[in-house]
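Residue strings, one per chain:
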Amino acid sequence: MTLNENIAKIKERINKAAIRANRDPREIKLLTVTKTQSTETIEEALQNGIQFIGENKVQEAEDKIPYLEGKYAEFHFIGHLQSNKIKKIIPLQPTLIHSIDKFSTAKKIDKFIAEHKLQIQDILIQINTSDEASKFGIYPNETSKLIKQISELPNIRIKGLMTIGVFTSNEKNIRKCFRTLKQIFEKIKQQKIPSVEMKYLSMGMSNDFEIAIEEGANIIRIGTAIFGARNY
Ligand SMILES: *Cc1c(COP(=O)(O)O)cnc(C)c1O
């Protein structure tokens, strides 16, 4: 299948999953994960109806994003962010950073923005909903405390939560991860923490996005199902 056909197929699957879940497909953002893809391939995707792109490595984003400026509507950073890379990623102006799981990282972003008089950065908190499977993300029972701490930083705004579902073919276990994230999302919403908005629920990748949509995702992050298997 061509890239264009893959994109059409994904959009159709998003629509079907949304309708199954009694949801409006238009409220689900398709974030196309462009890691390992060349700028030529990404441009082709952007010419075929893709608007939102995500990268997970700072170096790679630095190499590609400046060349794509003006061609995408939004660039999101979705990978683990080491604090020594903050100075490189923030100037690329990611619309959203999905992967904040430590106060120290948030604090350094806040400081960098203040020093350079840049715009407030929107972020999501990454939660480890699968315990053993993923190294990154804060544990569910520590989330509320972290969010309250970060909410005090003037140059960062929390806009929601992100998780990576457990890597398994067992649908029940995947669904459990997404339900956990949604429950935390609702709990935080009820806490009405000043300047914290529970707007985005970023969950679901190529293998599990339909389950994620059924469980309430409004950002899904898709790479392989659009571009094919990655060539590292
Ligand atoms: C690579 C990646 C994705 C996309 O994974 P696919 O299985 O290729 O769709 C989504 N989220 C994160 C954080 C990733 O690193």
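For the structure itself, look to the data block above.
Thresholds, definitions, all that
- Residues numbered from 1 in each chain as written.
- Predicted model: local features only at pLDDT ≥ 70, side-chain atom pairs only at ≥ 80, totals over all residues.
- Heavy atoms only, no water.
- 1 Å grid on protein atoms, 1.4 Å probe; cavity = no way out; pocket = protein on both sides within 12 Å on 5 of 7 lines; lining within 4 Å.
- Points joined across faces, edges and corners; volume = space filled by probe spheres on them.
- Nonpolar A, V, L, I, M, F, W, Y, C, P; charged D, E, K, R; others polar.
- Near = heavy atom within 4 Å.
- Polar contact = N/O pair within 3.5 Å; in protein donor to acceptor, adjacent residues only side chain to side chain.
- Areas by Shrake-Rupley, 256 points an atom, 1.4 Å probe, with all protein chains shown as cover.
- Salt bridge = Lys/Arg side-chain N within 4 Å of Asp/Glu carboxyl O.
- Helix = DSSP H or I, 4+ residues; strand = E, 2+ residues; numbered from the N terminus.
- Buried < 20%, exposed > 50% of the residue type's maximum accessible area, 1.4 Å probe, protein only.
- Phe/Tyr/Trp six-rings, centres within 6.5 Å; stacked < 30°, edge-to-face > 60°.
- Lys NZ or Arg CZ within 6 Å of the ring centre and 35° of its normal.
- Contact = heavy atoms within 4.5 Å.
- Pairing = 2+ DSSP bridges.
- Right-handed = clockwise from strand over helix to strand, strands pointing away.

Caption draft 1: Seen up close, empty space enclosed by the protein. In this structure the tally under the stated criterion is one cavity of 30 Å³ or more. Lining of the largest cavity is provided by His80, Leu81, Ser99, Ile100, Asp101, Lys102 and Thr105. For the lining of the largest cavity, the per-class residue count stands at two nonpolar, three polar and two charged.

Caption draft 2: Just the layout of surface pockets, in detail. Of the volumes computed, that of the largest pocket is approximately 850 Å³. Lining of the largest pocket is provided by 33 residues; of these, Lys35, Ile164, Met205, Arg221 and Arg230 occupy positions nearest its centre. Residues belonging to the lining of the largest pocket are distributed by class as follows: twelve nonpolar, 14 polar and seven charged. Estimated volume of the second largest pocket: approximately 220 Å³. If you trace the second largest pocket, you find it lined by Ile90, Pro91, Gln93, Pro94, Thr95, Leu118, Gln119, Ile120, Gln121 and Asp122. In the lining of the second largest pocket, the residues fall into five nonpolar, four polar and one charged.

Caption draft 3: Layout of the site of the ligand. Taken together, 13 residues lie near the ligand, and Lys35, Ser206, Arg221, Thr224 and Arg230 sit nearest. Ser206 places a polar side-chain atom, nitrogen or oxygen, 2.5 Å from an oxygen atom of the ligand. Here a nitrogen atom of the ligand sits 2.8 Å away from a polar atom, N or O, in the side chain of Arg221. Its free accessible area being 390 Å², the ligand has 91% of it covered by the protein chains. Taken together, the residues that form the shell around the ligand break down as six nonpolar, four polar and three charged.

Caption draft 4: Spatial organisation of the pattern of salt bridges. As enumerated under the stated definition, the model contains 16 salt bridges in all. Glu60 serves as the salt-bridge partner of Lys64, at 2.7 Å between the closest nitrogen and oxygen. Taken together, the residues Lys64 and Glu60, both in helix 3 (residues 58–68) and four residues apart, mark about one turn of the helix. Both residues of the pair, Lys64 and Glu60, belong to the buried class.

Caption draft 5: Region of interest: unusual backbone geometry. Look at Thr36: it is not a glycine, yet its phi comes out positive at around 70°. Secondary-structure assignment places Thr36 in the loop between strand 1 (29–33) and helix 2 (39–47). A relative accessible area of 26% places Thr36 in the partly exposed class. With phi around 65°, Ser195 is a residue other than glycine that occupies positive phi space. Residue position: Ser195 is located in the loop between helix 7 (171–191) and strand 7 (196–202).

Caption draft 6: Region of interest: the packing of aromatic side chains. Enumeration over the complete set of coordinates arrives at zero aromatic pairs. Positioned above the aromatic ring of Phe52, the side-chain terminus of Lys29 is 4.4 Å from the ring centre.

Caption draft 7: Structural detail: the environment of Asn48. Here Asn48 lies in the loop between helix 2 and strand 2 (52–55). On the accessibility criterion, Asn48 (23% relative accessible area) is partly exposed. Setting aside chain neighbours within four positions, we find Asn48 in contact with Asn4 and Ile7. Within the structure, Asn48 has its side chain in polar contact with the backbone oxygen of Glu44 (distance 2.7 Å).

Caption draft 8: Region of interest: the pairing of strand 5 (residues 121–126). Counting buried positions along strand 5 yields five of six residues, so the element is predominantly enclosed. As defined by bridge partners, strand 4 (residues 96–100) adjoins strand 5 across two bridges and the pair is classed as parallel. Counterpart to Ile97 in the pairing with strand 5 is Ile123. Tracing the backbone out of strand 4, into helix 5 (residues 103–116) and back to the parallel element strand 5 gives a crossover that is right-handed.

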